[in-house]
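Read off the chains here:
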Amino acid sequence: MKYYDLELLTMKTFTLHILRHGLTKGNLEGLYIGHTDTELCASGKDQLIQMKKEFSYPQSKFVFSSPLKRCLQTAEILFPGVKPIVIDGLIEYNFGSFDGKSAAELYEKQPLFAPWLAGQEGVAPPFGETNEDFAKRVCESFIKIVDGVLKTGVDDACIITHGGVMTAILENFGLPEASAHEWLAPAGCGYSMRITPSLWTSGHKLEVVDELPLTQEPAGNYYDGWDYYPNDDSDFDISEYIND
C-alpha cells in the first residue's frame, strides 16, 4: 500500500471533476472518432463559450487532459490561463479502421463491427485496441491521477477527456455503480466526484456527487435538462441518487 498522510486518510476529502470535450464535426455527423486529432468545430467552440457564460464550471487550478486538440481546446476555453497536464492514457479509444466512419457504414462493410459493438471478448477493430486493452489503459491512468492528487494534497482538479474514457472511468470507479452507457454525458458536460482517501485506498471507489456544469435551472437551451436522451424516460439521472 502506498504511504499517505494519516490526516488525509481520516479527515480530508478531495474533489475531482471530469468533463467531456466540446463538439467536433465528427460528433455532429455521428462518426466514430478516436485517435484522429480533430479540432472543435466552430459551433462547438461557440457552445462552450455560451455555456460558460450561462452556467457554473469548476474553478480548478489543476487540469489533466487528453493530448488531442479537441480536449486541449476545451481546456483553453473553460480554464483560461491554466496549463493542462497532458496524460497520454486519457486519449480516446483506438478505433483503428473504424475511425471516421458511421455505424451504418461499419455494419455494412466491417464484419467485426457487430461483435465488437456487442462487447465480445478479445475482438478489436482492425489496427485498433480491444475493449479490455482500452479499459486497462484508462483505469491505470486514472489510478495514477487520483494517487497523485492524494499524494500532493491538491483538493480540486479537473480531467478533460473523451466520452468513451469518461464512461470507462465512471463504470469502474464511480459510486453509485452504473454501466458505461448510463454515464454518457453531452459535449462540455460531466460530473464532480468526491474522493475519500480511506474509500479510495480500500477499494478504488469514489462518489459521484453532482452533474456539470452546475445550473440554477435545467439547461433547456442545450440538453433538455441535461438528459443525454431527452425523450427517453429510462435515461440515467445521477441527481436521483444524490437527492435520494
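Just so we're clear, the structure is a prediction, and the values are computed from it rather than from any experiment.

S.K.: Honestly, the overall build of the protein in this entry has me stumped. Any pointers?
M.R.: The helix and strand tally for the protein stands at 11 helices and 7 strands. Within the protein, the fraction of its 244 residues that count as buried is 45%. Of the contacts formed within the protein by residues at least 6 apart in sequence, a portion of 70% connects residues at least 24 apart. When the accessible area of the protein is evaluated, it comes to approximately 12,200 Å², of which 51% is carbon and sulfur surface.

S.K.: What's the story with the packing of aromatic side chains in this structure? I'm lost.
M.R.: The geometry of two aromatic rings is summed up by the distance between their centres and the angle between their planes. For the coordinates displayed, the defined rule picks out 15 aromatic pairs. Between Tyr 32 and Phe 113 the ring centres are 5.7 Å apart and the planes differ by 80°, which places this aromatic pair in the edge-to-face class. Remark: Phe 113 occurs in helix α6 (residues 113–117) and Tyr 32 occurs in the loop between α2 (25–29) and α3 (42–54); sequence separation between them is 81 residues. For Phe 113, a relative accessible area of 0% gives the class buried. On the basis of an interplanar angle of 85° and a centroid distance of 5.1 Å, the ring pair of Trp 183 and Tyr 191 is categorised as edge-to-face. Taking the relative accessible area as the measure of exposure, Tyr 191 reaches 1% and is therefore buried. Among the aromatic residues, those joined into a cluster by ring pairs are Tyr 32, Tyr 93, Phe 95, Phe 98, Tyr 107, Phe 113, Trp 116 and Phe 134.

S.K.: Quick question: what am I supposed to make of the packing of helix α7 (residues 131–152) against helix α8 (residues 163–173) here?
M.R.: Geometry of a packed helix pair, given as the angle between the helix axes and the separation of the axes. Remark: α7 packs on α8, axes separated minimally by 10 Å, with the N-to-C direction vectors making an angle of 75°. Here α8 runs roughly perpendicular to α7, going by the angle between their axes. Of α8, the residues touching α7 (which contributes Phe 134, Val 138, Cys 139, Phe 142 and Ile 143) are Gly 164, Val 165, Ala 168, Ile 169, Asn 172 and Phe 173. Among the residues making up the contact of α7 with α8, the classes are represented as 9 nonpolar, 2 polar and no charged.

S.K.: Teacher, can you tell me more about α7 here?
M.R.: Because each turn of an α-helix spans 3.6 residues, side chains separated by three or four positions in sequence point in the same direction. Taking 1.5 Å as the rise per residue, α7 with 22 residues should run 32 Å; its terminal C-alpha atoms sit 32 Å apart, in good agreement. Turning to α7, its buried residues are Phe 134, Arg 137, Val 138, Cys 139, Ser 141, Phe 142, Ile 145, Val 146, Asp 147, Val 149 and Leu 150. In the stretch just after α7, Gly 153 is the one whose phi turns positive, near 80°.

S.K.: Explain the sheet that holds strand β7 (residues 206–212) to me, please; I cannot follow it from the model alone.
M.R.: The strands making up a sheet are joined through hydrogen bonds of the backbone, oriented either antiparallel or parallel. Here we have 7 strands laid out as an open sheet, ordered β3-β2-β4-β1-β6-β7-β5, and mixed in their pairing. The sheet is open, and its two borders are formed by β3 (85–86) and β5 (174–175), each paired with just one other strand. Across 6 bridges, the pairing between strand β1 (residues 14–20) and strand β6 (residues 190–195) is antiparallel. Residue pairing across strands places Thr 15 opposite Arg 194, the latter belonging to β6. Sheet strands in contact with α7 are β1, β2 (63–65), β4 (156–161), β6 and β7, and its direction is about 145° off that of β1.

S.K.: What am I meant to see in the side chain of Arg 70 here?
M.R.: Relative to the helices and strands, Arg 70 is located in helix α4 (residues 69–78). Buried charge without a partner: Arg 70 forms no salt bridge, and the closest opposite charge is Asp 37, 4.9 Å away. Within the local environment of Arg 70, its side chain forms a polar contact with the backbone oxygen of Thr 36, the two atoms lying 2.8 Å apart. The contact partners of Arg 70, leaving out residues within four places of it in the chain, are His 21, Thr 24, Ile 33, Gly 34, Thr 36, Asp 37, Thr 38, Glu 39, Leu 40, Glu 92 and His 162.

Thresholds, definitions, all that
Residues numbered from 1 in each chain as written. Predicted model: local features only at pLDDT ≥ 70, side-chain atom pairs only at ≥ 80, totals over all residues. Heavy atoms only, no water. Helix = DSSP H or I, 4+ residues; strand = E, 2+ residues; numbered from the N terminus. Buried < 20%, exposed > 50% of the residue type's maximum accessible area, 1.4 Å probe, protein only. Contact = heavy atoms within 4.5 Å. Areas by Shrake-Rupley, 256 points an atom, 1.4 Å probe, with all protein chains shown as cover. Phe/Tyr/Trp six-rings, centres within 6.5 Å; stacked < 30°, edge-to-face > 60°. Axes fitted to C-alpha atoms, helices over the stretch in contact; angles between N-to-C directions. Parallel < 35°, antiparallel > 145°, perpendicular 65-115°, else oblique. Nonpolar A, V, L, I, M, F, W, Y, C, P; charged D, E, K, R; others polar. Expected span 1.5 Å × (residues − 1). Pairing = 2+ DSSP bridges. Lys, Arg positive; Asp, Glu negative; His and termini not counted. Salt bridge = Lys/Arg side-chain N within 4 Å of Asp/Glu carboxyl O. Polar contact = N/O pair within 3.5 Å; in protein donor to acceptor, adjacent residues only side chain to side chain.

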